[in-house]
Amino acid sequence: MKRYILLLILLILAALLCGCVQNTGKTEQAGNAHVQSEKVVLKVFHAGSLTEPMKELTKIFEERYPGVEVQCEAAGSAKTIRKVTELHRNADVIASADYTLIPKMMYPEYANWTIMFAKNQMVLAYTNESKYASKINSNNWYQILRRPEVRFGFSNPNDDPCGYRSQMVLQLAELYYNDSKIYDDLVAKHSNLKFVEENGTYVLRMPNSENINPDTNKLMIRSMEMELISGLETGEIDYLFIYRSVAQQHHFRFIELPPQIDLSSNQYADFYKKVVVVQANGKKIAGKPVVYGITIPENSMHKDYAEKFVELVIGKEGQKIFKELGQPPLMPPRVDNADKLPESLKRFFS
Amino acid sequence: MRHSFFLILTAFSALIVLFILLPIAVTISTQFYNPGFAQAMRDRAVWNSILLTYYAALLSTLTAIIFGTPLAYILSRYSFPGRSIVEGIADIPVVIPHTAAGISLLAVFGSNGLIGSFSPVKFVDALPGIVVAMLFVSVPIYLNAAREGFGSVDVRFEQVARTLGASQWRVFFTISLPLAARHIAAGALMAWARAISEFGAIVVIAYYPMVAPTLIYERYISTGLSAAGPVTAILILLSLVVFVAIRILLWGKNVSRSER
């Protein structure tokens, strides 16, 4: 009996000791850098596709401000925002893969401005093991996907911008290639997803996620685009609709789709508008170029460092990183409510 | 002295029970005012996913019983070289992060995996995938409980039966197994419960068909807490009912551990 009590006391002591060790570690580091003893934790919630650039930016930022620890949390863009608006968690920076989500979900209570800082492009990623990898190109990709033994994946349009954008690309392909069966053959036949024409626009009304009912022999659907990467790596699927940045960062081969359908170019914004996805929760999204948005939410605990982080993202260094990782920066960045910006960020938009 | 002993016992116990109960009580009580709750109760998809979850967990638990019981018996009765290694292996799933477990399972049961490549059964995005994910995370719980059960059986009973001429099979099925039955049942119940709660590993290998934890997650990200809450409450309430019912069926109402 005594032995157990001794053991318990030892365990508690060990736990306390660990706490001490951690603390001294922190103060030492901070002491070396001549800043305050407690580290500031800067919370950055960002879209999954921003994981790689955020890693680089975090490294630079922490080197520059040794008193700050940047904690990044990646998730789907909508979920990222919901962590603030519904779970009421404090975030210092929010970065979304669809800049329109910030005004739609956060204004005016949780945020008041959005900076558009980078863009992306939908591609069709594959590996050397993918079926017909040696035959596929930008002209015949939809014919290859049509073959019955070819499987491909996209993320859930209800959860993930990359998911509804995949649907838009496929529907735009019908218009662009003048082949009205592309979406039907590739998706509609194998699931409950279907575009209907309404006064010149094509609308996909999403069923609830549990009713998408995909034929899993043809389609692989996951909540988020990053979850499908293992599917492509293990050969579960042959092709995957995903952002160029992700394909590039994971060293996948990829087919560049025509700019008329890959949602990358402002030049074709009017054409993109022809396709609309209505999510199961009622949110209506029209096709538009993929542009990333960033904001500092009202409940940020460290607005000063958050502003410095945003400066880094939209400044020269950030632009270089985004370019290298396949997310071309907007030069110059744009903002919707310039008057509501914090003073330190206004200089980028004068 | 006696007084303070019970006081401290009660105080600590109350704290830990509150710790478990509070989040659950809050989740359920907020549903009384949520119009979405009645809607979710009538929602076929919700019930389908819950039934699927229970069913898959049942299959996983049965598999654990059939293949796990012999191992538990061996581990409690025989010592052999490498026994502690086998015991360690049996516990590995407990420490692996669930997402990592899912990825490992995908590597084995995926279409090009070690087993998946030749198996006529399709695992990815199908019921068997859900079952293997559940089995992987819940089998250590069953193994440990069953091993403890066999350990609690007095070996002398088995030896006496053997000297009286009973075969090893007969001894196992008429002495060891019945005497360990309560532990085994408790272990199976916990393993079943663990299987129901699994999300991380399942969502990697089988997003479809949607089990209840995936559905809850899905409702949460596509619509938000207001839609995820009711499903959560239904799952908690139903599981509570099933749990209490099984415990009463198996052990009667007020049997304390020492009396079993």
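Refer to the structure above for everything that follows.
Residues numbered from 1 in each chain as written. Chains lettered and ligands numbered in written order. Predicted model: local features only at pLDDT ≥ 70, side-chain atom pairs only at ≥ 80, totals over all residues. Heavy atoms only, no water.

*Asks:* Tell me about the packing of aromatic side chains, and name the residues and values.
*Replies:* Applying the stated criterion across every chain, the model contains 25 aromatic pairs over all chains. Consider the rings of A:F61 and A:F309, whose centres lie 5.3 Å apart with planes at 70°: the pair is edge-to-face. Of the two residues, A:F61 sits in helix α2 (residues 51-64) while A:F309 sits in helix α11 (residues 303-314), which places them 248 residues apart along the sequence. Each member of the pair, A:F61 as well as A:F309, carries the same accessibility label: buried. Note on B:Y73 and B:F172: the rings are 4.9 Å apart at their centroids and 80° apart in plane angle, and the pair reads as edge-to-face. With a gap of 99 residues between them, B:Y73 in helix α3 (residues 44-77) and B:F172 in helix α8 (residues 168-197) connect regions that are remote in the sequence. Using a relative accessible area of 13% as the deciding quantity, one classes B:Y73 as buried. By way of ring pairs, the aromatic residues A:W141, A:Y142, A:F152, A:F154, A:Y176, A:Y177 and A:F241 are connected into one cluster. Taking NZ or CZ as reference, A:K83 lies 5.0 Å from the ring centre of A:F45, over its face. Taking NZ or CZ as reference, A:R147 lies 4.3 Å from the ring centre of A:Y132, over its face. (Phe/Tyr/Trp six-rings, centres within 6.5 Å; stacked < 30°, edge-to-face > 60°. Helix = DSSP H or I, 4+ residues; strand = E, 2+ residues; numbered from the N terminus. Buried < 20%, exposed > 50% of the residue type's maximum accessible area, 1.4 Å probe, protein only. Lys NZ or Arg CZ within 6 Å of the ring centre and 35° of its normal.)

*Asks:* I'd like a rundown of the pattern of salt bridges, residues and numbers included.
*Replies:* Residue and element names in this part refer to chain A. Inspection of every chain in the model, using the stated rule, returns 25 salt bridges over all chains. Residues R146 and D185 are paired through a salt bridge, measuring 2.9 Å at the closest nitrogen-oxygen approach. On the criterion of sequence distance, the pair formed by R146 in helix α5 (residues 141-146) and D185 in helix α7 (residues 182-186) is long-range, its members being 39 residues apart. What makes R146 partly exposed here is its relative accessible area of 22%. The partner of E324 in a salt bridge is K320, and the shortest N-O contact between them spans 3.9 Å. With E324 and K320 both in helix α12 (residues 316-324) and four residues apart, the pair spans about one turn of that helix. Here E324 matches K320 in class, with each residue exposed. (Salt bridge = Lys/Arg side-chain N within 4 Å of Asp/Glu carboxyl O.)

*Asks:* An account of empty space enclosed by the protein is requested, with residue identities and associated values reported.
*Replies:* Taken as a whole and assessed by the stated rule, the structure comprises five cavities of 30 Å³ or more. When its volume is computed, the largest cavity comes out at roughly 80 Å³. Secondary structure elements with two or more residues in the lining of the largest cavity: α3 (77-85), α4 (101-106) and α6 (161-177) of chain A together with α10 (212-222) of chain B. By volume, the second largest cavity amounts to about 50 Å³. Along the walls of the second largest cavity sit A:N208, A:S209, A:E210, A:A280, B:L215, B:E218, B:R219, B:S222 and B:T223, which together make up its complete lining. (1 Å grid on protein atoms, 1.4 Å probe; cavity = no way out; pocket = protein on both sides within 12 Å on 5 of 7 lines; lining within 4 Å. Points joined across faces, edges and corners; volume = space filled by probe spheres on them.)

*Asks:* I'd love a proper account of a nonpolar patch on the surface, names of residues and values included.
*Replies:* Residues A:Y4, A:I5, A:L6, A:L7, A:L8, A:I9, A:L10, A:I12, A:L13 and A:L16 make up a contiguous nonpolar surface patch of about 1,000 Å² in total accessible area. The residue A:L7 is located in helix α1 (residues 2-32) in this model. (Patch = residues over 30% accessible without salt bridge, like charges linked within 9 Å, V, L, I, M, F, W, Y side chains within 5 Å. Areas by Shrake-Rupley, 256 points an atom, 1.4 Å probe, with all protein chains shown as cover.)

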